[in-house]
Amino acid sequence: MLVSEFDYHLPPELIAQKPLPKRDESRMMVLRRQTGEIIHAYFRELPKFLSPREVIVLNDSRVIPARVWGLANGKEVDFLFLRQTAPRRWEVLCRPARRVEPGVRIIFPQGLEAVVCGQGVEGRRELEFSTDDVLGWLKKAGFPPLPPYIKRRRDDETLRRVDLTRYQTIYARREGSVAAPTAGLHFTRRVLRELKQKGVIIAKVTLDVGLATFQPVRVEKVEDHRMLEETYSISLASAREINRAKEEGRPVLAVGTTVVRTLESAAREDGIGVKPGSGTTRLFIYPGFDFRIVDWLLTNFHLPRSTLLMLVAAFAGRELILQAYEEAIREKYRFFSYGDCMLIL
């Protein structure tokens, strides 16, 4: 299977640069897999497409303001803080990486300094800091880790404040992600309240979104791509709700590709349902994958040739998804992180 089979042309003006004034004003394409029917709706209408006792699963990981600029030998470098590896040590992604060699001292805003103590592939480095509270510093000095297709000026403090709020789900709880689980950005307290009033069950899991979710595919054959590792956890309470639904034949709706990968990674090997607890996953889902947990999917529109698009194609069929994307382009849906969404039933 070729990566080129997951390509499509997107007019640049359809890439959403800012969030809508209200989260639930996003458009929502409803796609029925069995018939190919497409319904054009709005996210605020989500409750009417669901029934009592169906289970919605959310990713409650919280995005950290992980992007910072620092000086290496007097030259500016763009840093994305990926994860803490040890006390006072963080793995980062830096551009241009050639300026960040082992032993180099990095000067960050607010007087924070670090020394490069390790070198990885594709621009990854390990930094050692003089403080334990790097996360606290990031909350003061860092910028939201927006994807590169969203253009921002660093001196636009108004948009920075908007992004700090809107590039975050309203139910985010556990800090650890360096990209938002964007399918959840559409939820408002009103929509959650209406879902609960209807009797829809809401369960939460955690997958800390890292490089694996947005790493580019650099191979020609899909099967040759290797995912990086991400961590996840499922509480006993959430596992019970999900497993009860599977046992009783009630649909499980995954909100976002990160939830899909969490649930399918934790699927029991000897029966129906998921295993509670924490783990790591390198699961790469592409057409031919056998879904054991997820029945329905709410997801945004994804980049061409991305692992996210491949996952959605595995769930609904490549041809059907590409046809739906063509329809979304004709109807001028807004694409990617701050864009509209798709409900696949």
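Structural data are supplied above this passage.
Reading guide: rules and limits
- Residues numbered from 1 in each chain as written.
- Predicted model: local features only at pLDDT ≥ 70, side-chain atom pairs only at ≥ 80, totals over all residues.
- Heavy atoms only, no water.
- Salt bridge = Lys/Arg side-chain N within 4 Å of Asp/Glu carboxyl O.
- Buried < 20%, exposed > 50% of the residue type's maximum accessible area, 1.4 Å probe, protein only.
- Helix = DSSP H or I, 4+ residues; strand = E, 2+ residues; numbered from the N terminus.
- Pairing = 2+ DSSP bridges.
- Axes fitted to C-alpha atoms, helices over the stretch in contact; angles between N-to-C directions.
- Parallel < 35°, antiparallel > 145°, perpendicular 65-115°, else oblique.
- Left-handed = near helix turned anticlockwise from the far one by under 90°.
- Contact = heavy atoms within 4.5 Å.
- Nonpolar A, V, L, I, M, F, W, Y, C, P; charged D, E, K, R; others polar.
- Core = buried A, V, L, I, M, F, W, Y, C linked by side-chain atoms within 4.5 Å.
- Phe/Tyr/Trp six-rings, centres within 6.5 Å; stacked < 30°, edge-to-face > 60°.

(A) Layout of the pattern of salt bridges. Overall, the coordinates contain 24 salt bridges when judged by the stated rule. Here E113 makes a salt bridge to R105, at a shortest N to O gap of 3.2 Å. Overall, the relative accessible area of 31% leaves E113 in the partly exposed class. With a shortest N-O distance of 3.2 Å, R160 and E157 are connected by a salt bridge. Of the two residues, R160 and E157 both sit in helix α2 (residues 157-166), 3 residues apart, roughly one turn of that helix. Overall, the relative accessible area of 12% leaves R160 in the buried class. Overlapping salt bridges, with partners in common, bring together E122, R124 and R218 in one network.

(B) Structural context of the sheet that holds strand β9 (residues 113-119). Taken in spatial order, the 6 strands line up as β5-β6-β7-β10-β9-β8 and close into a barrel, and their pairing is antiparallel. Strand-to-strand twist across the sheet, computed as the mean angle between neighbouring axes with direction ignored, equals 45 degrees. By the bridge criterion, 7 bridges tie strand β6 (residues 75-86) to strand β7 (residues 89-95) in an arrangement that is antiparallel. Its bridge partner being in β7, R83 is matched across the sheet by E91.

(C) Looking closely at the packing of helix α6 (residues 257-265) against helix α7 (residues 307-316). Where α6 meets α7, the closest approach of the two axes is 10 Å, and the angle between their N-to-C directions is 65 degrees. In terms of axis orientation, α6 runs roughly perpendicular to α7. Classified by chirality, the crossing of α7 by α6 is left-handed. Along the contact surface, α6 presents T257, V260 and R261, while α7 presents L308, L311 and V312. Taken together, the residues of the contact of α6 with α7 sort by class into 4 nonpolar, 1 polar and 1 charged.

(D) Inspection of the nonpolar core at higher detail. Of all hydrophobic cores here, the largest spans 98 residues; its most connected members are F79, F81, F108, L263 and F335. Top contributing element to this core by residue count: α7, with 8 residues. In this view, L263 contacts V57, V205, I234, I242, V252, V274, I293 and V294; residues no more than four positions away in its chain are not counted. Counting 23 residues, the second-largest nonpolar core is a separate cluster that includes L58, A183, F187 and L192.

(E) Just the side chain of R261, in detail. The topology assignment puts R261 in helix α6. Filtering out sequence-adjacent residues up to four positions away, R261 remains in contact with L207, T213, M227, L228, E230, T281, R282, L283, I285 and L311.

(F) Highlighting the packing of aromatic side chains. Following the criterion strictly, the structure yields 22 aromatic pairs and no others. Each ring, one from Y149 and one from F336, has its centre 4.9 Å from the other, and the planes form 55 degrees; the classification is tilted. With Y149 in the loop between α1 (134-141) and α2 and F336 in the loop between α8 (318-330) and β17 (341-344), the pair connects residues that are 187 residues apart, well separated along the chain. Here Y149 matches F336 in class, with each residue buried. Taken together, the aromatic side chains of Y8, Y149, F301, Y325, Y333, F335 and F336 make up a single cluster linked through ring pairs.

(G) Region of interest: the sheet that holds strand β15 (residues 277-281). Spatially, 9 strands are ordered β2-β1-β17-β16-β14-β3-β12-β13-β15 in an open sheet, and the strand pairing comes out mixed. What marks the edges here is a single partner per strand, and that holds for β2 (38-42) and β15. Strand-to-strand, the axes of this sheet are offset by a mean angle of 25 degrees, without reference to chain direction. The sheet contact formed by strand β3 (residues 55-59) and strand β14 (residues 252-255) spans 3 bridges and is parallel. Paired with I56 across the bridge in β14 is L253. Along the sheet face, helix α5 (residues 236-248) touches β3, β12 (201-207), β13 (230-234) and β14 and points at about 145 degrees away from the line of β3. Of the strands in this sheet, β1 (27-31), β2, β16 (296-300) and β17 are in contact with α8, which crosses β1 at around 145 degrees.

(H) Here's a closer look at unusual backbone geometry. Geometrically, the link from R95 to P96 is a cis peptide bond, its omega value of -5 degrees lying close to zero. Along the chain, the position of P96 falls in the loop between β7 and β8 (105-107). In this structure, R305 is a non-glycine residue whose phi angle is positive, near 60 degrees. Position of R305 among the secondary structure elements: in the loop between β16 and α7.

(I) Main features of the side chain of D24. Relative to the elements of secondary structure, D24 occurs in the segment before β1. Residue class for D24 comes out buried when judged on its relative accessible area of 4%. The residues touching D24, leaving out its near neighbours within four places in the chain, are F43, R44, H186, T188, R190 and V191.

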